[in-house]
Amino acid sequence: MKTFVYLRVSTNEQDVDNQKYGIQEYVKKKNFGEVEYVADNVSGRVWWNERKLGDLIKSASKNDIIIFSEISRIA
């Protein structure tokens, strides 16, 4: 089982640091251990399967975990 963290911002003026910081605290608190971070800089208008999220979901195994900072980062 692997744990992934998907971080997404919509514009080049934004960065994923705030999302990553909050998730690092959550991961530590829940004892997830080592996680793999996947950062994306793409508009929410782009279909999920055309983003790094699509590649992540396709490569994930049955029991893998994907963490998002908030629901809007998925869509």
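Comments concerning the overall build of the chain
- Helices and strands together make up the secondary structure of the chain, namely two helices and three strands.
- A globule of 75 residues ought to have a C-alpha radius of gyration of about 11 Å, and the chain, at 12 Å, matches this closely.
- Over its C-alpha atoms, taken along the principal directions, the chain stretches across nearly 35 × 25 × 15 Å.
- Here the chain holds 75 residues, and the buried ones make up 29% of them.
- For the chain, contacts bridging at least 24 residues in sequence account for 66% of all contacts bridging at least 6.
- Positive and negative side-chain charges of the chain, numbering 12 and 11 respectively, have mean locations separated by a distance of 5 Å.

Quick notes on helix α1 (residues 17–29)
- End to end, α1 covers 18 Å across 13 residues, agreeing with the expected 18 Å (1.5 Å per residue, within 8%).
- Within α1 the residues assigned to the buried category are Gln 19, Ile 23 and Val 27. Seen along its axis, α1 keeps its buried residues to an arc of 60°; they face one direction. Exposed positions of α1 whose direction lies more than 90 degrees from the buried face are Asn 18, Tyr 21, Lys 28 and Lys 29.
- Buried-residue contacts for α1 involve β1 (3–9) and β3 (65–68).
- Just past α1, the residue Asn 31 takes up positive phi, approximately 55°.

Things to note about the nonpolar core
- Val 5, Leu 7, Val 9, Val 16, Ile 23, Val 27, Val 35 and Ile 67 together form the largest nonpolar core, which totals eight residues.
- Where this core is concerned, the elements lending two or more residues are β1 and α1.
- Sorting elements by how many residues they give to this core places β1 first, with three residues.
- Setting aside its immediate chain neighbours within four residues, Leu 7 contacts Val 16, Gln 19, Lys 20, Ile 23, Tyr 37, Val 38, Ala 39 and Asp 40.
- Ranked by size, the runner-up nonpolar core spans six residues in total, among them Tyr 6, Val 38, Val 42 and Leu 53.

Description of unusual backbone geometry
- Although it is not a glycine, Asn 31 adopts a positive phi angle of roughly 55°.
- Turning to its location among the elements, Asn 31 is positioned in the loop between α1 and β2 (36–41).
- For Asn 31, a relative accessible area of 67% gives the class exposed.

Cut-offs used in this document
- Residues numbered from 1 in each chain as written.
- Predicted model: local features only at pLDDT ≥ 70, side-chain atom pairs only at ≥ 80, totals over all residues.
- Heavy atoms only, no water.
- Helix = DSSP H or I, 4+ residues; strand = E, 2+ residues; numbered from the N terminus.
- Rg over C-alpha atoms; globule rule 2.2 N^0.38 Å.
- Buried < 20%, exposed > 50% of the residue type's maximum accessible area, 1.4 Å probe, protein only.
- Contact = heavy atoms within 4.5 Å.
- Lys, Arg positive; Asp, Glu negative; His and termini not counted.
- Charge placed at Lys NZ, Arg CZ, Asp CG, Glu CD.
- Expected span 1.5 Å × (residues − 1).
- Arc of directions from axis to C-beta.
- Core = buried A, V, L, I, M, F, W, Y, C linked by side-chain atoms within 4.5 Å.

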